[in-house]
Amino acid sequence: MDGIVGPVQTASTGGSPLQAHVSHLRHLSKSATAWRILHDRFHLVKTDAKRSGDLLAAFVAQGLEFHEGSRIVRHSVRPVLQYYSYLNFAVATILAYRPPNYQSYKSHGVKDCTASLGTVEMSSPVVRVSSGAVPLFHEILSDAPIRGKKLRLRELLVAIPMLSVELRDAFQVETSTLRVTTSSFSEGHGDSTRTGSQVQFDLVSPPWGSVSSLRFPRSAVEKAMPLLESAYRYESGSAVQAIYRSEKSWNTREKREGAKVHRANCLRLINFGGQGTDSAGPRYRWTYLPRVAILPTMTATLLNSFFLASIFRYRPRLARSLEESRLNVLVDVFINEADAFMLPAFRN
């Protein structure tokens, strides 16, 4: 089963890398393309695939309209259009993956908690998750419950790798990286050989920190991704590493079934975080800060985008105070960099 998730592949483009992803999303905004993907990849029957494909394509097309609009408006308007772009792409993803009760996507599923705030701080509660599109999208990434939770700004920001440098420099918040590697393992010999799914986490210290003070956050990782407890077992580890192996393994006749399970599980585990690059090449990673719950990067980015859209749309006075505070650098970096992470992730 090696290579099911596979190494990250690169391709060259003569234009903007982001626009290359936009071109693929624009192709998906065509009903014929959408229904073929739903039929071929998600195994919907043709009549259902065509009906759902029309709807999925419409959400992708609307997401692109909001994205393109967000690129040409003033800085104070852009967060609103960015959020609606991401929300439309999130709904399209929900329509493809169909988590339980997926048809409740017609509401945001998140509420603004900033009405009583005079200023925004890292410790400020900013969003409360309810039922709707945002928690449904989160369920595709992780089966850890998020509905009913009130989240503080710090919890959102530490889960977004693109902000790690600014968090360190402006707020002395030093996040660590949990590098995720997926592979297979074999047990037995000859005809009795069985193959299973394996996930390895390596806790990497930040360039300015020391690994000697770190301890692998096993409890936090398993709480963030209950799949590791329900379908895997903790095999071995150290102060900075943990290896999990699937409870189930497959013989040679079951290879196709095993590969399917391995791919589905591992895609969730690597898509939980973002992609980074180090001296060994591209890596999948989660970000971690002690005593802060680990959130999927796309969930945190979507929620932070909702928070910014809410205050820039409904609370301009609070938005102005945010712009004039130390948080300004985080807001600017997020607004300018989020598309480069979110659009490729949605496209993939």
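Per-chain numbering applies: the sequence of each chain, read as written, is numbered from 1 onward. Local features in this predicted model are restricted to residues of pLDDT 70 or higher, and side-chain atom pairs are both shown and tallied only at a pLDDT of 80 or more, whereas totals for entire chains, interfaces and linings draw on every residue. No hydrogens and no water enter the side-chain calculation; it runs on all heavy atoms of the structure.

Chemist: Describe the pairing of strand β7 (residues 241-250), listing the residues and the values that go with them.
Modeler: For two strands to count as paired, DSSP must find a minimum of two bridges between them. Helix numbering and strand numbering both begin at the N terminus, where a helix is a DSSP run of H or I of at least 4 residues and a strand a DSSP run of E of at least 2. Relative to β7, strand β5 (residues 194-204) runs antiparallel, the two sharing seven bridges. The residue of β7 that forms the bridge with V199 is Y244. Bridging between strand β6 (residues 232-238) and β7 involves six bridges; their strand directions are antiparallel. Of the residues in β7, the one forming a bridge with S238 is Q241. Between β6 and β7, which pair antiparallel in sequence order, lie two residues.

Chemist: Please give an account of the side chain of T297 that cites residues and values.
Modeler: Relative to the helices and strands, T297 resides in helix α11 (residues 297-314). Those residues in contact with T297 that lie beyond four places of it in its chain are A159, I160, P161, F272, G273, G274 and F341. Any two residues having at least one pair of non-hydrogen atoms within 4.5 Å are treated as being in contact.

Chemist: Outline the sheet that holds strand β3 (residues 150-152), listing residues and values.
Modeler: The strand order across the open sheet built from three strands is β1-β2-β3, with neighbouring strands paired in antiparallel fashion. The open sheet has two free edges, formed respectively by β1 (110-112) and β3, since each of these has just one partner strand. The sheet shows a mean angle of 30° between the axes of neighbouring strands, taken without regard to direction. By the bridge criterion, three bridges tie β1 to strand β2 (residues 125-129) in an arrangement that is antiparallel. If you follow D112 over to β2, its bridge partner there is V127. Angles here are taken between N-to-C directions and fall from 0 to 180 degrees, while the axes themselves are lines fitted to C-alpha atoms, restricted in helices to the stretch in contact.

Chemist: Before we move on, could you go through the packing of helix α3 (residues 46-70) against helix α4 (residues 78-97) and cite the residues and values that matter?
Modeler: Any two packed helices are characterised by how steeply their axes cross, that is the angle between the axes, and by the distance between the axes. Contact pair α3 / α4: the axes reach a minimum separation of 8 Å and the direction vectors enclose 160°. Here α4 runs roughly antiparallel to α3, going by the angle between their axes. In this structure, α3 crosses over α4, and the sense of that crossing is left-handed. Counted together, L55, L56, F59, V60, Q62, G63, L64, F66, H67, G69 and S70 of α3 and R78, L81, Q82, Y84, S85, N88, F89, V91, A92, L95 and A96 of α4 form the full contact between these two elements. Gly is put with the polar residues, along with every residue not named as nonpolar or charged; the nonpolar set is Ala, Val, Leu, Ile, Met, Phe, Trp, Tyr, Cys and Pro, and the charged set is Asp, Glu, Lys and Arg. Here the contact of α3 with α4 is composed, by residue class, of 13 nonpolar, eight polar and one charged. In these notes the angle categories are as follows: under 35 degrees is roughly parallel, over 145 is roughly antiparallel, 65 to 115 is roughly perpendicular, and the rest is oblique. Crossing handedness follows the turn of the near helix against the far one: under a right angle anticlockwise gives a left-handed crossing, and clockwise gives a right-handed one.

Chemist: Mind laying out the pattern of salt bridges, listing which residues take part and the relevant values?
Modeler: We count a salt bridge whenever a side-chain nitrogen from Lys or Arg sits within 4 Å of a carboxyl oxygen from Asp or Glu. Scanning the model with the defined rule gives 13 salt bridges in all. Between D339 and R78 there is a salt bridge, and its shortest N-O distance comes to 3.2 Å. Of the two residues, D339 is situated in helix α13 (residues 328-347) and R78 in helix α4; the sequence distance between them amounts to 261 residues. Classification of residues uses two cut-offs on accessible area relative to the type maximum, computed with a 1.4 Å probe and protein chains only: under 20% is buried, over 50% is exposed, and between them is partly exposed. Accessibility expressed as a relative area gives 2% for D339, which makes it buried.

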